[in-house]
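# Per-entry structural report
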Amino acid sequence: MVGLPKVHRLQHRQDFREVFRDGIRRTSPHLTLRALPFKPRIPDKEAVKAIELVETLPLPTRIGISISLKVSKRAVIRNRIKRQIQAAFRQLLFQISPGWRLVVVVQPAATQEKCDYHQFLQELEQLLAEAEVLNGHS
RNA sequence: GAGAGUAGGCGCAGGUGGUUACAGACCAGUUAAGGCAGAUGGUCUGAGGAAAGUCCGGGCUCCCGAAAGACCAAACUUGCUGGGUAACGCCCAGUGCGGGUGACCGUGAGGAAAGUGCCACAGAAACAUACCGCCGAUGCAGCAAUUAGCCAUAAGCUGACUGCUUGCAGGUAAGGGUGCAAAGGUGUGGUAAGAGCGCACCAGCAGCGUCGAGAGGCGCUGGCUCGGUAAACCCCGGUUGGGAGCAAGGUCAAAGGAACACGGUUGGUCUUUUACCGAUUCCACUGCCUAAGAGCCGCUAGAGGCGUCUGGUAACAGGCGUCCCAGAUAGAUAACCGCCCUUAAAAGUGGUCAUGCCACUUCUAAGAACAGAACCCGGCUUAUGUCCUGCUCUCUCCC
RNA sequence: GCGGGCGUAGUUUAGUGGUAAAACCUUAGCCUUCCAAGCUAAUGAUGCGAGUUCGAUUCUCGCCGCCCGCU
C-alpha cells in the first residue's frame, strides 16, 4: 500500500470548489466521482505562456479525496480509507489522460461492509471508465 | 495449590535489518547573472499513554489605555489539617465520619442557639403541641362508711377523717399508634402519675488540663439537652483586573510628524502621575481590488527526556553527567520479507512422592486492543490489549 | 479552536423535589350488513452511571448521543 506523490494531489480549496461546481458526476455504491478537465484560469497576459507550458510539459492528473466526519468520527478509520483509495489510484494512474482534476467523495456506507482495497480499486476503475477519463493504454 | 478479591507499577505498547511509498531537515550536483521554487541522488529523523473528551490550571499573543492606594460594590465556589507545585478544582501525608469478615475503599468534611423557607402521605402534633392513655397529690362538686356536735331519740343539719374515680379545674409526656425523623438512650431509684427529678454507663454540648505543627486524640469537671435540610435561599470564610484565543498576533503593504490648551479614560467614589485617547490647528502623504494565498514568521530547547547521588515518610526538591527527540497545512508512518525477543498451546527429555510444578529442546500461533500530533506544558476524566509485584478472604493438601 | 442548547410512552409535547400527564398511534371490545367516525378499556417512557436527600424526571458531578452558532 503506497501513497501518492504531492504532484498528483489537489492541494487548494479553490480547486475543490471549481471541481464541485463544474465537474461531471458519477456514482457507485460507496464512492462519488467528480471530474473536471484542465482549463486555464490565468487571465489574459499569462494565458499564452500557460498554454505553451501545457504543450511542452503536460499537467499531471490531480486527485483529491473528500471524506466527512459523518463517514466515521474516528480519524484512524478516515485516514485508512484515504490511504486505500490513494493506493488504488496509484495503480490506475498511468491509464488516466493527463490534465484532469478528480475528487472522490466517500459515502458513509464505506465503513460498513467488507470495503477493502480491492473493492475500491474495482469501483474506481468502473467510475473512471464511465466518465471517459481513461485513455486507450490499457 | 485452587478460586475469589484488592492495591500499585518513573512496566510494555515489540526490537533490528532489508525492499518499495509518504513527510521534514541538511548536503551534493543540474538549470542559472544571482535568489526562490521544482525535479534527481545521498544521509538523518518521523505520533500517544491516552495524541481523545475539552472538565480545570498555566505559559505565550492581542484587545479593553497603564500603574499605585483606600473604601464600597460585584462576580466566582474551589470550603477538615499540614505539606508539594509556576499554578490548579491536581498530588502526597494525616484527622474525623461512613462502608467492607479483610486487604482496602469512599468522602461536595465551615455555619441549622443570624434570619427566612421546606419536611408530601400518615399522624394529636413536624418545632411547638397533647388524640388515646396514666394520675387526679392540690382545689371544687358528687356518692358511701366512720365519728364528733346540735337534739330526749330517730330523721335531719354542720364539721372532721377515710375511700370511690364519678365529673371538672389541673398534673404528666412513661406507654400506644404514624412516620425518614416525635424532644437524648438503657437500667435503677423516685412519684399521685410521671419527667435528667436523682444516680450509673453510653452519646452530645461547654470549660479546664494534657499530647500534637494542626485538623484532632486522651483525661477530668460541669450543668442537663438543643429535630432534619445550606448539591434550598442565605451567613461566614476564601479567591479575583476582564475578554479573546496560534484561524492569537506579526509580516509580504503606502497609511507620517509636530504643537499647546480643553474634554475624557478602571464596576462606583476619592486621590496621584512623566501615561493614553478624542477633537482642534499646522506641515506632509494617499488610484482601486485580492490575504480562506491555509504565502512567510510565530513553530518547536522545554516548569524537556534519560542516568546517578543527596535531602524528605511521601508528593517533590536540589546537585552532577549526558542527549536533542515530529512540525504537517485536503493535513505525512503504510505494505511485504528475514532474524531475535515476549506470551500462549502441544509434544519430548530430565529433576521431584506427584496426572502438578520447574528447567531445556522442537514445532505452531499471536504481538492483539483503544486509537493519529495541529502553539506548548501540568493535571483530571473517559476508551483499551498484555505483563509484573505486594496484600486479603475462602477451600484443599503436607509438616 | 471556542461557545450554546436538548435528551420523558412508537411520535409530538406537559410536569421543576412527594402515585409521571395528555393527544395521536397500536391492540381488544361495543356500535354498523361492512368500513369510517364515535364510545369504552388495555399496552407502553424519565439516555447511562455515581452522589446529596426520608424521597430525584427535577438538585450536583461524570459519561454517551443529537442539534445549532461563531472564527
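For the structure itself, consult the block above.
Each value, and the rule that gives it
Residues numbered from 1 in each chain as written. Chains lettered and ligands numbered in written order. Predicted model: local features only at pLDDT ≥ 70, side-chain atom pairs only at ≥ 80, totals over all residues. Heavy atoms only, no water. Helix = DSSP H or I, 4+ residues; strand = E, 2+ residues; numbered from the N terminus. Contact = heavy atoms within 4.5 Å. Near = heavy atom within 4 Å. Polar contact = N/O pair within 3.5 Å; in protein donor to acceptor, adjacent residues only side chain to side chain. Nonpolar A, V, L, I, M, F, W, Y, C, P; charged D, E, K, R; others polar. Core = buried A, V, L, I, M, F, W, Y, C linked by side-chain atoms within 4.5 Å. Buried < 20%, exposed > 50% of the residue type's maximum accessible area, 1.4 Å probe, protein only. Pairing = 2+ DSSP bridges. Axes fitted to C-alpha atoms, helices over the stretch in contact; angles between N-to-C directions.

## Description of the side chain of Arg34
Structurally, the position occupied by Arg34 is in strand S2 (residues 31–36). Among all residues touching Arg34, those that are not within four sequence positions of it are Val19, Phe20, Gly23, Ile24, Arg25, Arg101, Leu102 and Val103.

## Some words on the protein's contact with RNA strand B
Around RNA strand B, a shell composed of 20 residues is seen, among which Gly3, Lys6, Leu10, His12 and Arg74 lie nearest. Counting only the atoms of RNA strand B that lie within 4 Å of the protein, the sugar and phosphate share comes to 74%. Between RNA strand B and Arg74, the relevant distance is 2.5 Å, taken from a phosphate oxygen to a side-chain nitrogen or oxygen of the residue. Within the backbone of Val76, a nitrogen or oxygen atom sits 3.4 Å from a phosphate oxygen of RNA strand B. In terms of residue class, the surface near RNA strand B is built from nine nonpolar, five polar and six charged.

## Some details on the nonpolar core
Core analysis: the largest hydrophobic core is formed by 29 residues, its most contacted members being Leu31, Ile81, Ile85, Phe89, Leu102, Val106 and Leu124. For this core, the secondary structure elements donating two or more residues are S2, strand S3 (62–66), helix H3 (75–92), strand S4 (101–106) and helix H4 (117–130). Broken down by element, this core gets its largest block of residues, seven residues, from H3. Not counting the four nearest positions on each side in its chain, Leu124 is found in contact with Leu31, Ile85, Ala88, Phe89, Leu92 and Val104. In terms of nonpolar packing, the next biggest core, distinct from the first, is built from five residues, Leu10, Val19, Leu36 and Val103 among them.

## Observations regarding the sheet that holds S3
If you walk across this open sheet you meet the four strands as S1-S2-S4-S3, and the pairing is mixed. The sheet terminates laterally at strand S1 (24–27) and S3, the two strands that pair on one side only. Here the strands of the sheet are splayed against their neighbours by 20° on average, with no regard to which way each runs. By the bridge criterion, five bridges tie S3 to S4 in an arrangement that is parallel. Bridging from a neighbouring strand, Gly64 pairs with Val103 of S4. Docked against the sheet, H3 engages S2, S3 and S4, running at close to 140° with respect to S4. The strands touched by H4 within the sheet are S1, S2 and S4, with S2 carrying the most contacts at an inclination of about 40°.

Just distances and angles here, no functional claims.
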